[in-house]
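# Observations on chain architecture
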Amino acid sequence: MSTLPKSLYWQRLDADGGQTVLYSDSNGLHAKGIVVAATPVPYILRYEVVTDGGWNTAHIDLTTEGAGWLRTARLERAVGRWRVTTAEQGDLDSVLARAGRPGAGGWPGMEDPDRLRTATDVDVENDPLFNTLPIRRLRMLEGSDDRPHRLTVAFVRVPSLQVLPSEQFYTRQGPATIGYTSGNFTTEIAVDEQGFVTRYPGLAARPS
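Read on for a plain summary of the structure. (Residues numbered from 1 in each chain as written. Predicted model: local features only at pLDDT ≥ 70, side-chain atom pairs only at ≥ 80, totals over all residues. Heavy atoms only, no water.)

### Considering the nonpolar core
Grouped together as the largest cluster of nonpolar side chains are 53 residues, with contacts concentrated most on Leu62, Leu75 and Val124. Setting aside chain neighbours within four positions, we find Leu62 in contact with Leu45, Arg46, Tyr47, Arg71, Thr72, Ala73, Leu75, Val124, Val156 and Leu161. (Core = buried A, V, L, I, M, F, W, Y, C linked by side-chain atoms within 4.5 Å. Buried < 20%, exposed > 50% of the residue type's maximum accessible area, 1.4 Å probe, protein only. Contact = heavy atoms within 4.5 Å.)

Written out as structure tokens, the structure reads:
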């Protein structure tokens, strides 16, 4: 088994936690991530994502796990269609209720993957790695094109692993800044020369 040659680390700014990603970006992206989070209950997220050479997502495997529960989801895209498969052990909603937290908001995955038919990218909640996928796929750091790019992504909520279609807008605002909008939320994301996030205001930052 080959190793992945590069790594990134982000510290959460909105809550206790952080994440490490091992990756190769020599021909698209192959990345393995581990997220440790303290809210809404302590849990670990592990994932492996693979794109094709054009940075179109091919598949992603995700596992969230906490005390007394575990959820998994796999998203695969082939011939323009998505397939979503999931499993669950334990009862995340019961764990959240005992902690005085709202429920998970749904089962892992989604009932109708055809709702993702126009999605090319996956976006995992609170994970800055996944902003890089459309940035690199659209070559947003090349040239000076400042037009907004409207995207539909397969948005994965954590820790529930519920999958939803999400409309997002990416706009180049400079050589190291990308404007991001989803619904009523707007921010400016700082990125390095490879398109990896260095600071996502209020969410995560890499060590300086």
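Back to the write-up after that little detour.
### Some words on unusual backbone geometry
Residues Thr39 and Pro40 are joined by a peptide bond in cis, for which omega reads 5°. Among the secondary structure elements, Pro40 is positioned in the loop between β3 (30-37) and β4 (43-51). The amide bond that connects Val158 to the next residue, Pro159, takes the cis arrangement and shows omega of 10°. Relative to the helices and strands, Pro159 resides in the loop between β9 (149-156) and β10 (163-174). Positive phi outside glycine occurs at Asn126, with the angle close to 65°. Relative to the assigned elements, Asn126 resides in the loop between β8 (121-124) and α2 (132-137). Its identity is not glycine, yet Arg139 carries a phi of approximately 55°, on the positive side. Position of Arg139 among the secondary structure elements: in the loop between α2 and β9. For Arg139, a relative accessible area of 57% corresponds to the exposed category. (Helix = DSSP H or I, 4+ residues; strand = E, 2+ residues; numbered from the N terminus.)

### Some details on the pairing of strand β1 (residues 6-12)
In this structure, β1 lies alongside strand β2 (residues 17-24), joined through six bridges in antiparallel fashion. Of the residues in β2, the one forming a bridge with Leu8 is Val21. Hairpin connection, β1 to β2: the antiparallel pair is bridged by four residues. Sheet analysis places β1 next to strand β14 (residues 204-205), joined by two bridges and oriented antiparallel. (Pairing = 2+ DSSP bridges.)

### Quick word on the packing of aromatic side chains
Taken as a whole and assessed by the stated rule, the structure comprises five aromatic pairs. Ring pairing ties together the aromatic residues Tyr170, Tyr180, Phe185 and Tyr200, which thus form one cluster. (Phe/Tyr/Trp six-rings, centres within 6.5 Å; stacked < 30°, edge-to-face > 60°.)

### Here's the deal with the environment of Gly109
Here Gly109 shows up in the loop between α1 (92-98) and β8. Given the relative accessible area of 5%, Gly109 is considered buried. The spacing of Gly109 and Thr181 is 72 residues in sequence and 24 Å in space, taken between C-alpha atoms. Discounting residues that sit within four places of it in the chain, Gly109 has contacts with Val84, Thr86, Leu161, Gln162 and Val163.

### Re the side chain of Thr187
Locating Thr187 in the fold gives a position in strand β12 (residues 185-191). Excluding residues within four positions of it along the chain, Thr187 makes contact with Ile178, Gly179, Tyr180, Tyr200 and Pro201.

### Some thoughts on a nonpolar patch on the surface
A grouping of Ile34, Val36 and Ile44 is seen on the molecular surface, where their side chains present a nonpolar patch of about 240 Å² in accessible area. By the secondary structure assignment, Ile34 is in strand β3. (Patch = residues over 30% accessible without salt bridge, like charges linked within 9 Å, V, L, I, M, F, W, Y side chains within 5 Å. Areas by Shrake-Rupley, 256 points an atom, 1.4 Å probe, with all protein chains shown as cover. Salt bridge = Lys/Arg side-chain N within 4 Å of Asp/Glu carboxyl O.)

### Brief notes about the pairing of β3
The two faces of β3 differ: Ala31, Gly33, Val35 and Ala37 on one face are buried, but His30, Lys32, Ile34 and Val36 on the other face are not. Here β3 runs beside β4; their pairing, made up of eight bridges, is antiparallel. Within β4, the residue paired with Ala37 across the bridge is Tyr43. Between the end of β3 and the start of β4, which pair antiparallel, lie five residues.

### Some thoughts on the environment of Arg150
By the element assignment, Arg150 lies in strand β9. Arg150 gets classed as exposed once you look at its relative accessible area, which sits at 62%. Taking the C-alpha atoms as reference, Arg150 lies 37 Å from Gly100; in sequence the two are 50 residues apart. Aside from chain neighbours lying at most four places away, what touches Arg150 is Glu167, Gln168 and Phe169. Separated by 2.6 Å, the side chains of Arg150 and Glu167 make a polar contact. (Polar contact = N/O pair within 3.5 Å; in protein donor to acceptor, adjacent residues only side chain to side chain.)

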